[in-house]
Amino acid sequence: MVPLLVTLALLAAVAFLIHKYLTWHYDTFKKLGIAGPEPKIWLGNLTGKQHIAYDYDDIYNKYKQKHQIVGMFVSRDPQFLILDPKLAHEVLVTNFKSFRDNLGSKFLYDREEDTVAALNPFFNVGEEWKTKRSDVMSGLTQHKLTSAYPIWKTCTQKLGKLLKAETIKGSSIIETKNLLLRYTSNILGEFLWGIETKTLESLDEPNPYLEVAQRNMFQVFQGFMSYFKCIPFPWYRRFTNYRIFTAESDQLFSQFTKDAYALRERDASKKNQADFLNYVRQLQEKKNLTHNEVVGYLATVFVDGFDTAATVAFHTLFYLTHHPEYQEKLRKEILSNLEADGHINYQALSLLPYLDQCVHETLRMISPLTFTSRICTEPTELVLDDGRRIPIEKGQVATVPVFSYLHDPEYFEEPMEFKPERFENVDISELTKRGIFLPFGDGPRICLGRHLGVLQVKTAIVEVLKNYRLKVCDKTPPIAKLESQTLIVGVDGDLLFEYERL
Ligand code: HEM
């Protein structure tokens, strides 16, 4: 009897300690007098049943009328959820010095092991972040992209040729996610490693380069999920699929880079080519970078620019397929700006107003990064409209629910409707300053690859629409609530449209 009682007492003590540990922070916001939903043990305020963007959105919609900020829990970790975009602007921009670090830096579990991912600015903090960001960003300025534009022209020609072959009978049903992922990986192969990836030679042939890229994206998602799943016991990550890049990807990126360097050495005609490869070669000389650093910078642009840009491009085409009137209007704009060589030059492309509106509207609809979280790096306060001062301590996290602002009818009328016209004559930088339009983030940590991303998106749309009318077919998914089992909320499954040659 006695041993049984001792065992039961021990079990009760362990259960009590675990409960105490899991709920340790649960009074954080009560002490501050900040409202927020009751957390559940283990999950906190996430449900685990829907995309995290919708979990944030449910809290946002429940509290935003009466509160500018609420307290919530991601598992046992407290977060300030910023409901007022004005305060979001403060966190991301005006008070950046107090919120310099990105929660994303914690998604990387082992820097010593995940050495290539560790060079991506997204996973870095402090001075390391500053240096890496500046190193990568300087190779992606609009000036640099203008010089590298011939690469885009060549790749869009290949895209055009592939579409022509696919629509030999005048029209064809094409899975557009596959098409666009092939396009962005083709450009990046050329721009980063000077290689012809052959991803645009066929739509059906398995392509080893594309497979590496897709496996890699899957792994990045696994690495991120491992962070969220193991918040209660971070040491447990070691037993999960925690890496951001696999060892195999690291090795492949390294090999691509070695091969690219060797090729550049041999090919005198490309020594001065305007591309990212020559940019990092020069940077390496100037700053004495290691081989791994060069690989890390190239992989940063590849991994961050492959899926994001393709996703925005195929969703834009998806919405335009469902809205033939907008599609016709955009085609008219495109056709009237084509030059003699069948392309639109870089400057003109950046300025096409309706194309801009369509891309902005897609960014609003799907918002590839649905939220952004900052770690407080020096104690500060957020001052509310009623004069209350909310103290934020070093290490605490503030989350900006980007997706919720973009779908709030108070800021964007009929938010579930795709309406490019809503951006007509609208100053985007003004919306960003108000904190309501943040598809690329804002402030010193704003997406450093946005010019490259937008260029990929726009060139793809122009190449498709100048020669093809996209039509809904019986396999085209309807416009419905966006759900997807990845980081990005979007349309799940295949995107099949009919491409009718003009
Ligand atoms: C249309 C495509 C893209 C979208 C919608 C997008 C969106 C974003 C967003 C929302 C952020 C987070 C900002 C924050 O933390 O608040 C971000 C960061 C970042 N993006 Fe992009 N991105 C795109 C394309 C690219 C491309 C092509 C690159 C290639 C280099 C890139 C590289 C990065 C990097 C390195 C960061 C981290 C910046 C830092 O923490 O300093 N992105 N992006």
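Conventions adopted
Residues numbered from 1 in each chain as written. Predicted model: local features only at pLDDT ≥ 70, side-chain atom pairs only at ≥ 80, totals over all residues. Heavy atoms only, no water. 1 Å grid on protein atoms, 1.4 Å probe; cavity = no way out; pocket = protein on both sides within 12 Å on 5 of 7 lines; lining within 4 Å. Points joined across faces, edges and corners; volume = space filled by probe spheres on them. Helix = DSSP H or I, 4+ residues; strand = E, 2+ residues; numbered from the N terminus. Nonpolar A, V, L, I, M, F, W, Y, C, P; charged D, E, K, R; others polar. Near = heavy atom within 4 Å. Polar contact = N/O pair within 3.5 Å; in protein donor to acceptor, adjacent residues only side chain to side chain. Expected span 1.5 Å × (residues − 1). Buried < 20%, exposed > 50% of the residue type's maximum accessible area, 1.4 Å probe, protein only. Pairing = 2+ DSSP bridges. Axes fitted to C-alpha atoms, helices over the stretch in contact; angles between N-to-C directions. Donors = N, O, S within 2.8 Å, 3.2 Å for Na, K, Ca; no water. Salt bridge = Lys/Arg side-chain N within 4 Å of Asp/Glu carboxyl O. Core = buried A, V, L, I, M, F, W, Y, C linked by side-chain atoms within 4.5 Å. Contact = heavy atoms within 4.5 Å. pLDDT = per-residue confidence, 0-100.

A.B. asks: Explain empty space enclosed by the protein here, please?
C.D. replies: Over the atoms rolls a probe the size of a water molecule, and its path tells where empty space is left. One pass over the full model with this rule turns up one cavity of 30 Å³ or more. In this structure, the largest cavity is lined by Tyr149, Trp152, Lys153, Thr156, Gly342, His343, Ile344, Leu349, Thr459, Val462, Glu463 and Lys466. Elements with a minimum of two residues in the lining of the largest cavity: α7 (149-166) and α18 (450-467). Per-class residue counts for the lining of the largest cavity are five nonpolar, four polar and three charged.

A.B. asks: Sorry if this is basic, but what is going on with the site of the ligand here?
C.D. replies: Taken together, 25 residues are adjacent to the ligand, and Trp129, Arg133, Thr372, Arg445 and Cys447 come closest. Side-chain polar atom of Trp129 to an oxygen atom of the ligand: 2.8 Å apart, as the coordinates give it. A distance of 2.7 Å separates an oxygen atom of the ligand from a polar side-chain atom of Arg133. The set of elements that each furnish at least two residues to the shell around the ligand consists of α5 (126-137), α12 (291-322), β5 (372-375) and α18. Sort the elements by how many residues they give to the shell around the ligand and α12 lands first, with six residues.

A.B. asks: Help me out: how do you make sense of α7 in this one?
C.D. replies: The periodicity of an α-helix, 3.6 residues per turn, causes residues three or four places apart in sequence to face the same way. Compared with an ideal rise of 1.5 Å per residue, which puts 18 residues at 26 Å, α7 spans 26 Å between its outermost C-alpha atoms and is within 8% of the ideal. Those residues of α7 lying buried are Tyr149, Ile151, Trp152, Cys155, Thr156, Lys158, Leu159, Gly160, Leu162 and Leu163.

A.B. asks: I'm lost on the sheet that holds strand β1 (residues 69-74) in this one. Help?
C.D. replies: What links the strands of a sheet is backbone hydrogen bonding, and the strands pair in either a parallel or an antiparallel sense. Strand order across the open sheet formed by five strands is β1-β2-β8-β5-β3, with mixed pairing between neighbours. A single partner strand is all that each edge strand has here, and the edge strands are β1 and β3 (101-102). Sheet topology note: the β1/strand β2 (residues 77-82) ladder contains six bridges and is antiparallel. By the bridge assignment, Val70 is partnered in β2 with Leu81.

A.B. asks: Can you walk me through the sheet that holds strand β9 (residues 468-471) in this structure?
C.D. replies: With respect to topology, three strands assemble into an open sheet ordered β4-β10-β9, the strand pairing being antiparallel. Among the strands making up the open sheet, the edge pair consists of β4 (171-175) and β9. Neighbour-to-neighbour, the strand axes of this sheet turn through a mean angle of 35°, independent of strand direction. In terms of strand pairing, β4 meets strand β10 (residues 496-501) through five bridges, oriented antiparallel. Bridged to Ser172 within β10 is Tyr499.

A.B. asks: I keep staring at the layout of surface pockets and nothing clicks. Help me out?
C.D. replies: As a volume, the second largest pocket reaches approximately 550 Å³. As for the second largest pocket, its lining consists of 23 residues, and the residues nearest its centre are His360, Phe440, Arg450, His451 and Val454. The set of elements that each furnish at least two residues to the lining of the second largest pocket consists of α14 (346-351), α15 (353-366), α17 (428-433) and α18. Among the elements that make up the lining of the second largest pocket, the one with the highest residue count is α18 (five residues).

A.B. asks: Honestly, the coordination of the iron atom of the ligand in this entry has me stumped. Any pointers?
C.D. replies: Put simply, a metal with four donors set out as a tetrahedron has ideal angles of 109.5 degrees, and one with six donors set out as an octahedron has ideal angles of 90 or 180 degrees. One donor from the polypeptide reaches the iron atom of the ligand: Cys447 (SG), at 2.3 Å. Here Cys447 lies in the loop between α17 and α18.

A.B. asks: Sorry if this is basic, but what is going on with the pattern of salt bridges here?
C.D. replies: Where charged atoms from two side chains of opposite charge approach closely, those side chains can pair. This structure, assessed with the given rule, holds 32 salt bridges. A salt bridge links Arg264 to Asp275; its shortest N-O distance comes to 2.9 Å. Pair noted here: Arg264 is in helix α10 (residues 247-266) and Asp275 is in the loop between α10 and α11 (276-287), with a separation of 11 residues, a long-range link. Judged by relative accessible area, which is 3%, Arg264 ranks as buried. With relative accessibility at 6%, the residue Asp275 sits in the buried group.

A.B. asks: Is there a simple way to think about the nonpolar core in this case?
C.D. replies: For soluble globular proteins, nonpolar side chains are generally found buried alongside one another. Counting residues in hydrophobic clusters, the biggest one holds 147 residues, and the most contacted among them are Ile82, Trp152, Phe191, Phe253, Phe276 and Tyr499. A per-element tally of this core places α12 first, with 18 residues. When sequence neighbours within four positions are dropped, the list of residues in contact with Trp152 reads Leu145, Tyr183, Ile187, Phe191, Leu452, Leu455, Gln456 and Thr459.

A.B. asks: Hey, could you run me through the confidence of the model for the protein in this one?
C.D. replies: Keep in mind that low pLDDT regions are not for reading the predicted coordinates in detail. Summarising the model, the protein shows a mean pLDDT of 95, and 100% of its residues fall at 70 or more. Overall fold confidence for the complex sits at a pTM of 0.96, while the interface term, ipTM, reaches 0.98.

A.B. asks: Please clarify how the side chain of Thr362 should be interpreted in this entry.
C.D. replies: Mapping Thr362 onto the fold places it in helix α15. In contact with Thr362, not counting residues within four places along its chain, are Val312, His315, Thr316, Tyr319, Ser367 and Phe418.

A.B. asks: Even after reading the chapter, I still don't get unusual backbone geometry, so can you show me in this structure?
C.D. replies: The phi torsion of most residues other than glycine is negative, and most of the peptide bonds are trans. Phi is positive for Lys198, close to 65°, though the residue is something other than glycine. Within the fold, Lys198 resides in the loop between α8 (176-193) and α9 (208-229). At Ser367, a position not held by glycine, the phi torsion is positive, near 35°. Tracing the backbone through its elements, the reader meets Ser367 in the loop between α15 and β5. Taking the relative accessible area as the measure of exposure, Ser367 reaches 0% and is therefore buried.

A.B. asks: In this structure, what is going on with the environment of Gly453? I would like to understand it.
C.D. replies: The topology assignment puts Gly453 in helix α18. A residue is classified by how much of its surface remains accessible, and Gly453, at 19% relative accessible area, is buried. The spatial distance from the C-alpha of Gly453 to the C-alpha of Val312 is 8.9 Å, given a sequence separation of 141 residues.

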